[in-house]
Amino acid sequence: MLNGRNFVAGEWRDGADWIEDINPSDVTDVVGRFVQARPSDIHDAVAAAQGAQREWAAAGLEARAAVLDAIGRELMARSKELGELLSREEGKTLPEGVGEVYRAGQFFTYFAAEALRNLGASADSVRTGVDVLTEREPLGVVAIISPWNFPIATASWKIAPALAFGNAVVWKPASITPASAWALTEIISRQAIPKGLFNLVMGSGSTIGRELAANADIQGLSFTGSGDVGSGIAALAAARFVKLQLEMGSKNPFVIMDDADIDRAVDLAVNGAFGGTGQKCTASSRLIVHRPIHDAFVEKLLAKAGALKVGHALEAGVQMGPVVSAEQLSANLDYVTLGISEGAELATGGEALDLAHRGHYMAPAVFLNGRSRMRINQEEMFAPITCVIPADDLDEAIFLANDTPYGLTAGIATRSLARATKFRHASRSGCVMVNLATAGTDYHVPFGGVRASSYGPREQGRSAVEFYTQVKTSYIHAGAAE
Ligand code: NDP
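Residues numbered from 1 in each chain as written. Predicted model: local features only at pLDDT ≥ 70, side-chain atom pairs only at ≥ 80, totals over all residues. Heavy atoms only, no water.

*Asks:* Where do I start with the site of the ligand in this structure?
*Replies:* In the vicinity of the ligand, 28 residues are found, and the nearest of them are Ser146, Lys172, Ser175, Ser226 and Glu380. In the environment of the ligand, an oxygen atom lies 3.0 Å from a nitrogen or oxygen atom belonging to the side chain of Trp148. For the ligand, a nitrogen atom lies 2.8 Å from a polar atom in the backbone of Met248. Mapped by element, the contributors of at least two residues to the shell around the ligand are α7 (205–213), β11 (220–224) and α8 (227–239). For the shell around the ligand, the element with the most residues is α7, which contributes three residues. Classifying every residue of the shell around the ligand gives 13 nonpolar, 11 polar and four charged. (Near = heavy atom within 4 Å. Polar contact = N/O pair within 3.5 Å; in protein donor to acceptor, adjacent residues only side chain to side chain. Helix = DSSP H or I, 4+ residues; strand = E, 2+ residues; numbered from the N terminus. Nonpolar A, V, L, I, M, F, W, Y, C, P; charged D, E, K, R; others polar.)

Okay, here's the thing in structure tokens:
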């Protein structure tokens, strides 16, 4: 069993308390015990990070690139072992866990190269004899607060650019997935980095997370999680003019038009709705189906969803693991009850499952005859629940797709370039997928949403430089050469 401590000011540190990390596939399996930080750990971490950041920024591009490359390569080399740990504590299937760790490694190797590419620009001045330079500088100490559903990938797509561009990091991971956070920190702790550059502070969001967000000496705060917590954090950051980046909720639509390849559309819908047990910010939680193919699509969808093998995340052949926790399962079942009471027809799944292992299992649920303004089609459930909403034509499908407060991803299945193009232009979302699932993105291009889904500069790819650096404009008058 793992005993994980916090990493503060370059030392592994005990804390106020310990929590147990329980396997959602088998609640008799304790993955490990993890220290809970004291508020003073936040203070010590930020203080150490301030000094270390100056050293790191001065260390030079190649030193930074080499560290990031080494972290990335180790994550990729150990993706099986660490993927198993991730799946054991979070509940996604083993291939999903291994894939996530490998992808986390790719974020580090990608940003290793980006570290070398921190290019500025020069401009002619309006004043003769003056040169103008614009350069990007690190922010300083960046606080990172991350969720449990992609415990290693989300953190990596924040930590890697933060370090690449010369910042120090204080990281508060989600309490329910501490093992992945500890494992990533253990790798980072062995690198040639200044003492205190990278800090792990595990502890509850409402105390330790809040303490970090309210710290007076952080210069940037990147958060992924729920909208309620995000808006609380935004208020704290705004009060002190801290640079802010928030990734929050979603209610992603997947539109299926009558000219789509139905079998492919069904695969994409099932993958988008139930991959990661539906606990993805990019999950297809609304399936907007063109009426002419509605019945044919629904028949195949129900057959495929009903046949998904639900079980222990580490067992071969399992297609959907458990829900992350008892609380999440109970909230999901409440949404199923709500959907029925709102008049949607529960066509398959939606019940808790009693399997060989005692875990938080639920059958993937499909509602039919949904209406857009039902709460199950407006609120993020973060659950293996999706709802079919019929649409008469493309215009109605577009209206329905945009009819929530959110705008992270949106997908369409169609063979028509004209329909796909119209949808792409009209979609009020940050990412549009054509004949692809709403979930599943690359690492070298921007990721993020609009409206209530995201706030601040985009994450990932070259765009990450916008958040993790600030611009300095220098005016230089060289004078006459002697
Ligand atoms: P939460 O908002 O509950 O938690 C996110 C993080 O914030 C956790 O580390 C949590 O700590 C911490 N936290 C909680 N309360 C506070 C607080 N008052 N001050 C500071 N930090 C706090 O989200 P979940 O972890 O439950 O993640 C699920 C949510 O994340 C979903 O709504 C989902 O849409 C969203 N999400 C969005 C993504 C995107 O890119 N748009 C990607 C992935 C998820 P603790 O765990 O200790 O409570």
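Picking up after the structure, the text goes on.
*Asks:* Whenever I open this one, the packing of aromatic side chains confuses me. Can you help?
*Replies:* Pairs of aromatic rings are described using the distance from one ring centre to the other and the angle between the two planes. Using the criterion set out here, one finds 11 aromatic pairs in the structure. Residues Phe7 and Trp12 carry aromatic rings whose centres are separated by 4.7 Å and whose planes lie at 45 degrees to one another, so their mutual orientation is tilted. Residue classification places Phe7 among the buried residues on the basis of a relative accessible area of 7%. Assessed through its relative accessible area of 28%, Trp12 is described here as partly exposed. (Phe/Tyr/Trp six-rings, centres within 6.5 Å; stacked < 30°, edge-to-face > 60°. Buried < 20%, exposed > 50% of the residue type's maximum accessible area, 1.4 Å probe, protein only.)

*Asks:* Which parts of the structure should I look at to understand the sheet that holds strand β4 (residues 17–22)?
*Replies:* Strand pairing within a sheet occurs via backbone hydrogen bonds; the two strands may be parallel or antiparallel. The strand order β1-β5-β4 describes an open sheet built from three strands, whose pairing is mixed. Every other strand in the sheet has two partners, leaving β1 (2–4) and β4 as the edge strands with one partner each. This sheet shows a mean twist of 20 degrees between the axes of neighbouring strands, independent of strand direction. Of the pairings in the sheet, the one linking β1 to strand β5 (residues 30–36) comprises three bridges and is parallel in character. (Pairing = 2+ DSSP bridges. Axes fitted to C-alpha atoms, helices over the stretch in contact; angles between N-to-C directions.)

So far we have only geometry, and geometry alone does not tell us how the molecule works.
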